[in-house]
Amino acid sequence: MNRIMTIATFKPGTNMQDVFAVVREEVAQVERLRAEHRMGSVHISMARQTVFIEVFADDEAGARATIATLPMARWFDIDLYPVPLSPDTQGPA
């Protein structure tokens, strides 16, 4: 299992009211993915309309598949950055 940092930016023209309407669904899905050890931390910069998502997957295709399960994914342009797991990192069990 690899750690892949995902930089998700909202596509130009995204109606943020539509995004805010699915926040509860998004949070619930993130919690499911965390319980499955497929996702770690999530950080949001609304000022930059960017979400930083830690994903645990075998490869980039697996990371994209995980991100695609998020309700907000339809508004994301994503860029993936594989990063090594360090001994002090809490990765998947």
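Everything numeric in this text was worked out from a predicted model, so none of it was measured.

Just to check I follow, could you spell out the overall build of the protein chain for this structure?
Helix and strand content of the protein chain: 3 helices and 4 strands. Along the protein chain, helices and strands appear, N-terminal first, in the series β-α-α-β-β-α-β. Taking 93 residues into account, the globule formula puts the C-alpha radius of gyration at 12 Å, and the protein chain, at 13 Å, falls close to it. Along the first, second and third principal axes, the C-alpha set of the protein chain runs to 40 × 25 × 20 Å. Burial analysis of the protein chain (93 residues in total) assigns 34% to the buried set. Long-range pairs, those at least 24 residues apart, make up 70% of the contacts in the protein chain between residues at least 6 apart in sequence. Element-wise, carbon and sulfur atoms account for 53% of the exposed surface of the protein chain, whose accessible area totals about 5600 Å². Here the protein chain contributes 9 positive and 12 negative side-chain charges, whose respective centroids are spaced 5 Å apart.

Would you mind going over helix H3 (residues 60-68) with me for this structure?
In an α-helix, one turn spans 3.6 residues, which is why side chains three or four residues apart end up on the same side. Buried within H3 are the following residues: Ala63, Thr66 and Ile67. For H3, the buried positions fall inside an angular range of 95° around the axis, keeping them on one side. Facing away from the buried surface of H3 by more than 90 degrees, the exposed residues are Ala61 and Ala68. Taken together, the buried residues of H3 touch strand S1 (2-10), helix H2 (23-35), strand S2 (39-45), strand S3 (50-57) and strand S4 (76-83).

Help me understand the sheet that holds S2, please; the structure alone is not making it clear to me.
The pairing of strands in a sheet comes from backbone hydrogen bonds and takes either a parallel or an antiparallel form. Reading across the sheet, the 4 strands line up as S2-S3-S1-S4 and stay open at both edges, with antiparallel pairing between neighbours. At either margin of the open sheet sits one strand with a lone partner, and together these are S2 and S4. On average, each strand axis in the sheet is tilted by 20° relative to the strand beside it, whichever way the strands run. Note: S1 against S3, 8 bridges, orientation antiparallel. Following the sheet pairing, Ile7 is matched in S3 by Phe52. Here H2 sits on the sheet and contacts S2 and S4; the angle it forms with S2, its principal contact strand, is near 150°. Here H3 sits on the sheet in contact with S1, S2, S3 and S4, set at roughly 140° to S4.

Would you take a moment to explain the confidence of the model for the protein chain for this structure?
Detailed reading of predicted coordinates is not advised where the pLDDT is low. Looking at the protein chain as a whole, the pLDDT averages 93, with 92% of positions reaching at least 70. Mean pLDDT across the elements of the protein chain ranges from a minimum in helix H1 (residues 16-20), with 95, to a maximum in H2, with 98.

I would appreciate a short explanation of the side chain of Thr6 in the present structure.
Looking at the secondary structure, you find Thr6 in strand S1. Discounting chain neighbours no more than four positions away, the residues touching Thr6 are Val51, Phe52, Ile53, Val55, Ile67, Ile78, Asp79 and Leu80.

Got a minute to help me understand the environment of Gly40 in this structure?
Tracing the chain through its elements places Gly40 in strand S2. Expressed as a C-alpha distance, the spacing of Gly40 and Asp59, which sit 19 residues apart in the sequence, is 16 Å. Ignoring any residue separated from it by four or fewer positions in sequence, one finds Gly40 in contact with Arg34, Glu54 and Phe56.

What counts as what
Residues numbered from 1 in each chain as written. Predicted model: local features only at pLDDT ≥ 70, side-chain atom pairs only at ≥ 80, totals over all residues. Heavy atoms only, no water. Helix = DSSP H or I, 4+ residues; strand = E, 2+ residues; numbered from the N terminus. Rg over C-alpha atoms; globule rule 2.2 N^0.38 Å. Buried < 20%, exposed > 50% of the residue type's maximum accessible area, 1.4 Å probe, protein only. Contact = heavy atoms within 4.5 Å. Areas by Shrake-Rupley, 256 points an atom, 1.4 Å probe, with all protein chains shown as cover. Lys, Arg positive; Asp, Glu negative; His and termini not counted. Charge placed at Lys NZ, Arg CZ, Asp CG, Glu CD. Arc of directions from axis to C-beta. Pairing = 2+ DSSP bridges. Axes fitted to C-alpha atoms, helices over the stretch in contact; angles between N-to-C directions. pLDDT = per-residue confidence, 0-100.

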